[in-house]
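# Coordinates in review
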There are 2 protein chains.
Amino acid sequence: MKQSLKSKSTQDLILNKSFEMFYSNGFKSTNIPDIMRKTSLSKGAFYHHFKNKHEIGIKVIENIITKRIQDGFIVPLEDYKNKNIPELLLYIFTERIKKFSEKEKELGCPANNLINEIGCSDSEFRILLRNLIDSWQIALVKVLEFGKAKNQIHSNVNCSALATCLIGSFEGIRGIRKIYDNNQIFDNYIIGITHYINAIKKK
Amino acid sequence: MKQSLKSKSTQDLILNKSFEMFYSNGFKSTNIPDIMRKTSLSKGAFYHHFKNKHEIGIKVIENIITKRIQDGFIVPLEDYKNKNIPELLLYIFTERIKKFSEKEKELGCPANNLINEIGCSDSEFRILLRNLIDSWQIALVKVLEFGKAKNQIHSNVNCSALATCLIGSFEGIRGIRKIYDNNQIFDNYIIGITHYINAIKKK
DNA sequence: ATAAAAAAATACTAATTAGTATGTTTTTAT
DNA sequence: ATAAAAACATACTAATTAGTATTTTTTTAT
């Protein structure tokens, strides 16, 4: 294989396996030899492509976790101009949860897991994760403001507050689900959030 | 000092310092020598009173974290019969957040931190934390049902779903707050949750 | 074809840390 | 007062793991 391609594909492999292990076991509990066992490569290969464990953490956030949130929760918000906003919110915050894989249900949100595991202690991780949540918040506010302008959302709604609550409750529920063995908590969340979104609709 | 008292007070000291360190640094990142440095006792004292790190983790959940949630969020729900339920909810979910210490704002909820750090991996921790959330959920549902019966809460509210959403959003917000340096996220949450609680009031 | 550079493997170092073994001090029961 | 037991301290072991140094293999440019 061409060297430049090989290098890129090895880096991607390490990146993906790192993400999987961080997601399943947490960042701190994952060690480099374990990651590399999953890639069938050696520790030497790891340190040839990455400076240290911190760097792979950063790159996993930048290249995988950020992309997952963007693709899953921000991009679907983008084409909002010819959509009914309350319906769009219901789609994103209830329909998508139903489509989660078992693994995603059991393991929670990769971003939220990292926020809670190392949000306080590592400032670089913290900033990237904050930017991610900020982007989501901004995209949501934009959509909510549009919905308000189009008379689809009641005028007494504070869009920034609502966006924060939608994100917070979604992440909180995904966290709490982790200690259960069934989806009752998601079912309850879906009922509750549907009720809430219906309540802010302009009749 | 009498031996039995001394033993108890040493155990309590180790327990409290362990909680503080787990809360600040996470469970996995906290080591026994660091805990014992804070108690000004030796490692030998630790292993005389506790079997291993896992046991102190269990006891911290049982004796400290559970008590904090109970005292802070379940006990205030108990004397609900002569209170207005929406007001009681507002008190617990908005007034109490305003009274948090800086540390509590920065470090999030000890229970939620543990849920997210080790909720998936350790079954004993998991069960204790689940029991804790279950107790909270049950206490909340009871109060909400009462509010519904007293015509203070709208009849179309699903009490179990609402309880789950209240707990989930509260924990989620406390988690996300950890990556910020200010209380904007709490301010937004308070506005949003106040709006929600007002929306379910029977007029 | 071959020298240089990149990729990857192997062997090693150094630090951390859970847990144990053993010794010393303090308290208690007689 | 003293033997036993509990409380605590010190010294050690063994395992883990991040990161480095060195060597081998593969690819590239000439």
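The following paragraphs examine the structure supplied in this document. (Residues numbered from 1 in each chain as written. Chains lettered and ligands numbered in written order. Predicted model: local features only at pLDDT ≥ 70, side-chain atom pairs only at ≥ 80, totals over all residues. Heavy atoms only, no water.)

## Overview of the overall build of chain A
Filter applied, for reference: The numbering of helices and of strands both runs from the N terminus, where a helix is a DSSP run of H or I of at least 4 residues and a strand a run of E of at least 2. Three exposure classes are used, based on accessible area relative to the maximum for each residue type with a 1.4 Å probe and protein chains only: buried under 20%, partly exposed in between, and exposed over 50%. In this analysis, two residues are considered to be in contact whenever any of their non-hydrogen atoms come within 4.5 Å of each other. Note on areas: Shrake-Rupley, 1.4 Å probe, and residue coverage restricted to the protein chains presented here.
Secondary structure summary: chain A contains 10 helices and 0 strands in total. Ordering the α and β elements of chain A from the N terminus gives α-α-α-α-α-α-α-α-α-α. Over its C-alpha atoms, taken along the principal directions, chain A stretches across nearly 65 × 35 × 35 Å. Within chain A, the fraction of its 203 residues that count as buried is 54%. Across chain A, every contact between residues at least 6 apart in sequence was considered, and the portion connecting residues at least 24 apart equals 69%. Approximately 9,200 Å² of chain A is accessible, and the part contributed by carbon and sulfur atoms is 50%.

## What to know about unusual backbone geometry
Residues and elements named next belong to chain B. Its identity is not glycine, yet S40 carries a phi of approximately 60 degrees, on the positive side. Tracing the backbone shows S40 in the loop between α2 (32-39) and α3 (43-49). One non-glycine residue, N151, lies in the positive phi region at around 60 degrees. Considering the arrangement of structural elements, one finds N151 in the loop between α8 (123-149) and α9 (159-177). N151 gets classed as partly exposed once you look at its relative accessible area, which sits at 48%.

## Let's talk about the interface of chain B and chain A
Heads up, the condition is: Buried area, as used here, totals the accessible surface that two parts lose on assembly, with accessibility defined by a 1.4 Å probe and the loss added over both. For salt bridges, the criterion is a side-chain nitrogen of Lys or Arg within 4 Å of an Asp or Glu carboxyl oxygen.
The interface is formed by 46 residues belonging to chain B together with 46 residues belonging to chain A. Interface area, chain B with chain A, both sides summed: about 3,800 Å², of which 61% is carbon and sulfur. When the area that chain B buries against chain A is broken down by residue, the three leading residues are N116, K178 and I179 of chain B, summing to 17%. Run the count over chain B and chain A and you get 4 salt bridges. With its nearest N and O atoms 3.4 Å apart, the salt bridge here joins R130 of chain A to D181 of chain B.

## Observations concerning the packing of aromatic side chains
Cut-off, in case you're wondering: Stacked, edge-to-face and tilted labels apply to pairs of Phe, Tyr and Trp rings (six-membered ring for Trp) whose centres lie within 6.5 Å, assigned for plane angles under 30 degrees, over 60, and everything in between, in that order. Criterion for a charge above a ring: Arg CZ or Lys NZ at most 6 Å from the ring centre, at most 35 degrees from the ring normal.
On inspection of all chains with the given rule, the structure shows 27 aromatic pairs over all chains. Centre to centre, the rings of F93 of chain A and F170 of chain A are 5.8 Å apart; their planes meet at 80 degrees, and the pair counts as edge-to-face. Highlighted residues: F93 of chain A in helix α5 (residues 85-98) and F170 of chain A in helix α9 (residues 159-177), separated in sequence by 77 residues. As far as the burial class goes, F93 of chain A and F170 of chain A line up, both buried. By the ring-pair criterion, three or more aromatic residues cluster together here, those being F73, F93, F100, W136, F170 and Y189 of chain A. For the cation-ring pair, K53 of chain B lies above F27 of chain B, with the distance from its terminal atom to the ring centre recorded as 4.7 Å.

## Details of the relation of the copies chain B and chain A
To keep it simple, the criterion reads: Superposing copies: least-squares fit, C-alpha atoms only, residues required to have pLDDT of at least 70 in both.
With an axial shift of 0.0 Å and an RMSD of 0.0 Å, the rotation relating chain B to chain A amounts to 180 degrees. Accordingly, the operation relating the two chain copies is best matched by a two-fold axis. Here 100% of the interface residues in chain B have copies in chain A that are interface residues too; the copies meet face to matching face.

## Brief notes about the protein's contact with DNA strand C
Quick reminder of the rule: We call a residue near a molecule or strand as soon as one heavy atom of that residue lies within 4 Å of the molecule or strand. In the analysis that follows, any N or O atom pair within 3.5 Å is treated as a polar contact, provided that within protein one partner can donate a hydrogen and the other can accept it, and provided that, for residues neighboring in sequence, both atoms belong to side chains. Under the convention adopted here, Pro, Cys and the residues Ala, Val, Leu, Ile, Met, Phe, Trp and Tyr are nonpolar, Asp, Glu, Lys and Arg are charged, and Gly plus all remaining residues are polar.
Near DNA strand C there are 22 residues, and of these S42, H48 and H49 of chain A together with Q3 and K43 of chain B occur at the shortest range. Considering DNA strand C, the proportion of its atoms within 4 Å of the protein that are sugar or phosphate atoms stands at 71%. Interatomic distance of 3.0 Å between a side-chain N/O atom of N31 of chain B and a phosphate oxygen of DNA strand C. I32 of chain B places a polar main-chain atom, nitrogen or oxygen, 3.0 Å from a phosphate oxygen of DNA strand C. Broken down by secondary-structure element, the contributors of at least two residues to the surface near DNA strand C are α1 (3-25) and α3 (43-49) of chain A together with α1 (3-25), α2 and α3 of chain B. Of the residues in the surface near DNA strand C, the class split is 6 nonpolar, 11 polar and 5 charged.

## Considering the pattern of salt bridges
With the rule as written, the count across this model stands at 16 salt bridges over all chains. We note a salt bridge from K8 of chain A to D12 of chain A, for which the minimum N-O separation is 2.9 Å. Of this pair, K8 of chain A and D12 of chain A both sit in helix α1, 4 residues apart, which is roughly one turn of the helix. Among the residues examined, K8 of chain A registers a relative accessible area of 48% and is labelled partly exposed. Judged by its relative accessible area of 30%, D12 of chain A is partly exposed. Put simply, D71 of chain A and K67 of chain A hold a salt bridge, and the shortest N to O gap is 2.8 Å. Here the residue D71 of chain A and the residue K67 of chain A both occupy positions in helix α4 (residues 53-78), the gap between them amounting to 4 residues, near one helical turn. Taking the relative accessible area as the measure of exposure, K67 of chain A reaches 46% and is therefore partly exposed. Overlapping salt bridges, with partners in common, bring together R126 and R130 of chain A together with D181 of chain B in one network.

## Topic: the protein's contact with DNA strand D
Neighbouring residues of DNA strand D: 23 residues in total, closest Q3 and K43 of chain A together with S42, H48 and H49 of chain B. Between K53 of chain A and DNA strand D, the recorded distance is 3.0 Å, taken from a backbone N or O atom to a phosphate oxygen. One of the side-chain nitrogen or oxygen atoms of H49 of chain B is found 2.7 Å away from a phosphate oxygen of DNA strand D. Secondary structure elements with two or more residues in the surface near DNA strand D: α1, α2 (32-39) and α3 of chain A together with α1 and α3 of chain B. When its residues are assigned to classes, the surface near DNA strand D shows 6 nonpolar, 11 polar and 6 charged.

That's the geometry; what it means functionally is another story.
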